[in-house]
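# Summary of structural features
Below are the chains, spelled out letter by letter.
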Amino acid sequence: MRLEPVVAALPFGFADLRAEARADGHRMLDTLAVDWASGRTRFNRPGERLLAAYVGDELAGIGGLTQEAAVPDALRVRRFYVRIGYRRHGVGRAIATELLKQPKAAIVTCNAAAGSEAFWEALGFAPDRREGRTHLLTR
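Residues numbered from 1 in each chain as written. Predicted model: local features only at pLDDT ≥ 70, side-chain atom pairs only at ≥ 80, totals over all residues. Heavy atoms only, no water.

### Quick notes on the packing of aromatic side chains
If you walk through the whole model with that rule in mind, you get four aromatic pairs. A centroid spacing of 6.0 Å and a plane angle of 40° characterise the contact between Phe 80 and Phe 119, whose relative ring orientation is tilted. Here Phe 80, found in strand β4 (residues 75–82), pairs with Phe 119, found in helix α4 (residues 117–122); they are 39 residues apart in sequence, far enough to count as distant. A residue is classified by how much of its surface remains accessible, and Phe 119, at 24% relative accessible area, is partly exposed. (Phe/Tyr/Trp six-rings, centres within 6.5 Å; stacked < 30°, edge-to-face > 60°. Helix = DSSP H or I, 4+ residues; strand = E, 2+ residues; numbered from the N terminus. Buried < 20%, exposed > 50% of the residue type's maximum accessible area, 1.4 Å probe, protein only.)

### A word on the pattern of salt bridges
As enumerated under the stated definition, the model contains 15 salt bridges in all. Across the pair Glu 20 and Arg 83 runs a salt bridge whose closest N-O atoms are separated by 3.2 Å. You can see Glu 20 sitting in helix α1 (residues 14–23) and its partner Arg 83 sitting in the loop between β4 and α3 (91–101), a full 63 residues away along the chain. A relative accessible area of 18% places Glu 20 in the buried class. A residue is classified by how much of its surface remains accessible, and Arg 83, at 13% relative accessible area, is buried. Within the structure, one salt-bridge network assembled from shared partners comprises Arg 18, Arg 22, Arg 27 and Asp 30. (Salt bridge = Lys/Arg side-chain N within 4 Å of Asp/Glu carboxyl O.)

### A few points about the sheet that holds strand β2 (residues 49–55)
Whenever strands of a sheet pair, they do so through backbone hydrogen bonds, lying parallel or antiparallel. Read from one edge of the open sheet, seven strands run β1-β2-β3-β4-β5-β7-β6, paired in mixed fashion. Of all the strands in the sheet, just β1 (2–5) and β6 (126–127) have a single pairing partner and so form its edges. As defined by bridge partners, β4 adjoins strand β5 (residues 107–110) across two bridges and the pair is classed as parallel. Each bridged residue has a counterpart across the sheet, and for Arg 76 the counterpart in β5 is Thr 109. (Pairing = 2+ DSSP bridges.)

### Looking at the environment of Arg 76
Along the chain, Arg 76 turns up in strand β4. Taking the relative accessible area as the measure of exposure, Arg 76 reaches 8% and is therefore buried. In this structure, Arg 76 is in contact with Gly 64, Leu 65, Thr 66, Glu 68, Thr 109, Asn 111, Glu 131, Gly 132 and Arg 133, ignoring residues within four places of it in sequence. Among the polar contacts made by the side chain of Arg 76, one reaches the main-chain carbonyl oxygen of Gly 132 at a distance of 2.7 Å. (Contact = heavy atoms within 4.5 Å. Polar contact = N/O pair within 3.5 Å; in protein donor to acceptor, adjacent residues only side chain to side chain.)

### Section: helix α2 (residues 28–38)
Along α2, the positions that sit buried rather than exposed are Met 28, Leu 29, Asp 30, Leu 32, Ala 33, Asp 35 and Trp 36. Contacts made by the buried residues of α2 are with α1, β2, β3 (58–67) and β4. Taken from the residues just after α2, Gly 39 is the one with a positive phi, measuring 85°.

### Quick look at the side chain of Asp 35
Structurally, the position occupied by Asp 35 is in helix α2. Residue Asp 35 is classed as buried on the basis of its relative accessible area, which comes to 7%. Beyond its immediate sequence surroundings of up to four residues, Asp 35 is in contact with Arg 40, Thr 41 and Arg 79.

### Things to note about unusual backbone geometry
Positive phi is not limited to glycine here, since Phe 43 has a value of about 55°. Within the fold, Phe 43 resides in the loop between α2 and β2. Residue class for Phe 43 comes out buried when judged on its relative accessible area of 5%. The backbone of Arg 88 shows a phi angle near 65°, a positive value even though the residue is not glycine. For Arg 88, the location among the structural elements is in the loop between β4 and α3.

Encoded structure:
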């Protein structure tokens, strides 16, 4: 598996990943596509980044960090999705671990999809259902 920063364009294989997410009942990659195309969210402000995870030539997952508008000086995990066939194989953990390495924000929030709560809690996030989030990581 390799992780690649997403900078100039959404990654190769994104359309297939997006279609799978939609079929799985998740719309976060639709939002990513729209926000990217409009320039609204490009993960290029201080502390932000978007990572693509590839297994061989297949896009296995994606996830990013943005500035958290609801909490000053915090970051938020956004647009995090791992293909069904790659779940529980370390792809999500690799993306999340790399995202959380830099920068060292004191607070990181996320809105965990139903069924993923244990994943985020294993990474140190605590349940915190406020201001549109489900979990909070303080360091």
